[in-house]
Amino acid sequence: VGFVETDIPIRFTIPLVLIRIAHLVEFAEVAILILATCLIAVLSSLHGLGPLVHIPGDIKDKIYMVQGFMIVITAATLPMSAIMRDQGLLKRALQDALAEAKAGSEAKSTFLATISHEIRTPLNGVLGMAQAILMDELSPAQRKRVQVVRGSGETLLSLLNDILDLSKIEAGKLTLESIEFDLQKLVDSVVRHAEAGATNRGLTLTGEAGAAAGVYLGDPNRIRQILNNLVTNALKFTETGGVSVTATYDAEHGIRIAVRDTGIGI
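Within each chain, residues carry numbers counting from 1 in the order of the written sequence. Per-residue local features are limited, in this predicted model, to residues with pLDDT of at least 70; the limit for side-chain atom pairs, both in listing and counting, is 80 or more; totals at the level of whole chains, interfaces and linings are taken over all residues. Values reported for side chains reflect all heavy atoms of the structure, with hydrogen atoms and water molecules removed beforehand.

Enquirer: Explain the packing of aromatic side chains here, please?
Expert: Here a ring pair, both rings aromatic, is described through the centre-centre distance and the interplanar angle of the planes. To pair, rings of Phe, Tyr and Trp, with the six-membered ring standing in for Trp, must have centres within 6.5 Å; the planes then decide the type, stacked if under 30 degrees apart, edge-to-face if over 60, and tilted in the middle. One pass over the full model with this rule turns up one aromatic pair. Each ring, one from phenylalanine 181 and one from tyrosine 216, has its centre 6.4 Å from the other, and the planes form 40 degrees; the classification is tilted. Placement of phenylalanine 181 in strand S1 (residues 179–182) and of tyrosine 216 in strand S3 (residues 215–218) is noted, with a sequence separation of 35 residues between them. The buried category is assigned to phenylalanine 181, whose relative accessible area is 10%. Comment: elements are numbered from the N terminus, with helices defined as DSSP H or I runs of at least four residues and strands as E runs of at least two. Remark: exposure states derive from per-residue accessible area (1.4 Å probe, protein chains only) relative to the maximum for the residue type, with buried under 20%, exposed over 50%, and partly exposed in between.

Enquirer: I'm lost on the packing of helix H6 (residues 183–200) against helix H7 (residues 220–236) in this one. Help?
Expert: The packing of two helices is summarised by the inter-axis angle and the distance between the axes. Every axis corresponds to a line fitted to the C-alpha atoms, with the helix fit spanning only the stretch in contact, and the corresponding angles, defined between N-to-C directions, vary from 0 to 180 degrees. Interaxial distance between H6 and H7 falls to 10 Å at its minimum, and their mutual angle equals 30 degrees. With respect to their mutual orientation, H6 and H7 come out roughly parallel. Where H6 crosses over H7, the handedness of that crossing is right-handed. Of H7, the residues touching H6 (which contributes Leu186, Ser189, Val190, His193, Ala194 and Ala198) are Pro220, Ile223, Arg224, Leu227, Asn228, Val231 and Leu235. Should an angle fall under 35 degrees it is taken as roughly parallel, and over 145 as roughly antiparallel, whereas 65 to 115 is taken as roughly perpendicular and any remaining angle as oblique. Less than a right angle of anticlockwise turn of the near helix away from the far helix marks a crossing as left-handed, whereas a clockwise turn marks it as right-handed. It only takes one pair of heavy atoms within 4.5 Å for two residues to be counted as in contact.

Enquirer: I keep staring at the pairing of strand S5 (residues 254–261) and nothing clicks. Help me out?
Expert: Remember that side chains alternate between the two faces of the sheet whenever the strand is regular. Strand pairing is assigned whenever DSSP detects at least two bridges linking the two strands. Relative to S5, strand S4 (residues 242–250) runs antiparallel, the two being bridged by eight bridges. Bridge assignment links threonine 246 to a residue of S5, and that residue is alanine 258. In textbook terms, the turn of a hairpin is the stretch between consecutive antiparallel strands, and for S4 and S5 this stretch comprises three residues.

Enquirer: For this particular structure, what's the right way to read the layout of surface pockets?
Expert: Where empty space is left becomes clear once a probe the size of a water molecule has been rolled over the atoms. The computed volume of the largest pocket comes to approximately 470 Å³. Grid spacing is 1 Å over the protein atoms alone, the probe is 1.4 Å, and a cavity is where that probe fits but cannot get out, while a pocket is an open set with protein on both sides within 12 Å along at least five of seven lines and lining residues have an atom within 4 Å of a point. If you go around the largest pocket, you meet 22 residues; those closest to its centre are Leu157, Ser158, Asn161, Asn221 and Arg224. Contributing elements (two or more residues each) for the lining of the largest pocket: helix H4 (59–134), helix H5 (140–171), H6 and H7. When residues are sorted by character, Ala, Val, Leu, Ile, Met, Phe, Trp, Tyr, Cys and Pro go into the nonpolar class, Asp, Glu, Lys and Arg into the charged class, and all the rest, Gly among them, into the polar class. Residues of the lining of the largest pocket, tallied by class, amount to four nonpolar, eight polar and 10 charged. Grid points are joined across faces, edges and corners, and a volume is the space filled by probe spheres set on the points. Each pocket or cavity is described by its volume, and for the second largest pocket that value is around 270 Å³. Around the second largest pocket, the lining residues are Lys144, Gln147, Val148, Arg150, Gly151, Arg192, Glu195, Ala196, Thr199 and Asn200. Those elements that provide at least two residues to the lining of the second largest pocket are H5 and H6. For the lining of the second largest pocket, a count of residues per class yields two nonpolar, four polar and four charged.

Enquirer: Which parts of the structure should I look at to understand H6?
Expert: Three or four residues apart is the spacing at which side chains of an α-helix point the same way, because the helix has 3.6 residues per turn. Take the residue count of a helix, subtract one, and multiply by 1.5 Å to get its expected span. For H6, with 18 residues, the first-to-last C-alpha span of 27 Å sits near the 26 Å given by 1.5 Å per residue. Here H6 has its buried residues at Leu183, Gln184, Leu186, Val187, Ser189, Val190, Val191, His193, Ala194 and Ala198. Any pair of nitrogen or oxygen atoms within 3.5 Å is treated as a polar contact; in protein, a donor-acceptor pairing is required on top of that, and neighbouring residues in sequence qualify only through side-chain atoms on both sides. Its side-chain oxygen 3.0 Å from the backbone nitrogen of glutamine 184, aspartate 182 forms the N-cap of H6. Count one or two residues on from H6 and you reach glycine 202, which has phi positive near 70 degrees.

Enquirer: How should I be thinking about the pattern of salt bridges in this particular structure?
Expert: Side-chain pairing between opposite charges can occur once the charged atoms of the two side chains come close. A pairing counts as a salt bridge when a side-chain nitrogen of Lys or Arg comes within 4 Å of a carboxyl oxygen of Asp or Glu. With the rule as written, the count across this model stands at two salt bridges. Residues arginine 201 and glutamate 239 are paired through a salt bridge, measuring 3.8 Å at the closest nitrogen-oxygen approach. Of this pair, arginine 201 sits in the loop between H6 and strand S2 (204–208) while glutamate 239 sits in the loop between H7 and S4, and the two are 38 residues apart along the sequence. Note that arginine 222 and aspartate 219 form a salt bridge whose closest N and O atoms lie 3.8 Å from each other. One exposure class covers both arginine 222 and aspartate 219, and it is buried.

Enquirer: Hey, could you run me through H7 in this one?
Expert: End to end, H7 covers 24 Å across 17 residues, agreeing with the expected 24 Å (1.5 Å per residue, within 8%). Buried residues of H7: Pro220, Arg222, Gln225, Leu227, Asn228, Val231, Ala234 and Leu235, and no others.

Enquirer: Explanation requested: the sheet that holds S2 in the structure shown.
Expert: Within a sheet, each strand pairs with its neighbour through backbone hydrogen bonds, oriented either parallel or antiparallel. Here three strands make up an open sheet; going across it, the order is S2-S4-S5 and the pairing mixed. One side of each edge strand has no neighbouring strand; the edge strands of this open sheet are S2 and S5. On average, each strand axis in the sheet is inclined to that of its neighbour by 15 degrees, with strand direction left out of account. Alignment of S2 against S4, held across five bridges, turns out to be parallel. The residue bridging threonine 206 from the neighbouring strand is serine 244, located in S4. Relative to S2, H6 is tilted by about 175 degrees, and along the sheet it contacts S2, S4 and S5. Strands S2, S4 and S5 of the sheet are contacted by H7, whose axis makes an angle of about 20 degrees with S5.

Enquirer: Would you mind going over the confidence of the model for the protein with me for this structure?
Expert: Detailed reading of predicted coordinates is not advised where the pLDDT is low. With 68% of its residues at a pLDDT of at least 70, the protein reaches an overall mean of 78. Confidence scores labelled pLDDT are given residue by residue by the predictor and lie between 0 and 100. Scored below 50 in pLDDT, residues 1–8 makes four contacts in the model with residues more than four places away or belonging to other chains.

Below, the structure is given as structure tokens:
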């Protein structure tokens, strides 16, 4: 009745305008919260239960105070709602970015694994034929050329294995083996792998297990990868002289494999 008989000042509509603004800028939850708080404050105060019931004056003064209370609540809530909205947007953006990165990583790993396997099949055929040709009667020049083909094929096969290992690392599926291997044969394979590159640059490349020669338990493929990388790097930064791979053994430290070069050093 009071609202009907009394002219409502324009400021009575300010909280409703603020609530509408909050809704328009996507503060839906905040708008609902503000509206519920304001309604509870108005209804409880009008029925003698609210926090503003003891304010002196007539019903119009009480409404003014309730309206002021609504404005304060609205003004205090909007900044917090903006922070909450920004946090929600950042969280969704982060989740989308993580999902996109994961999908991209999975696609890359699948692609690398597929391509590596597809290339490995014909490459194994090339290496097998090179090995078969070396068992035939060849002239020194022919044998040398076939050995270069085999060495280049083994280098490419090693690169493919590295790519597959990278895919396994990203997928968390890389495991280390513990199998028997001959250390001298492993060193010889490392030397043979880089021999063509050393010869082309006029460098010497030697490998010797010495007293450490024998059969051990470990992961020969990983050891070979490490040595191949070290030898390749040593050859790259060596202008004259050569590179040597040597293995030693003592009871306290076990096997020690050293790659030495006459280059600029690290």
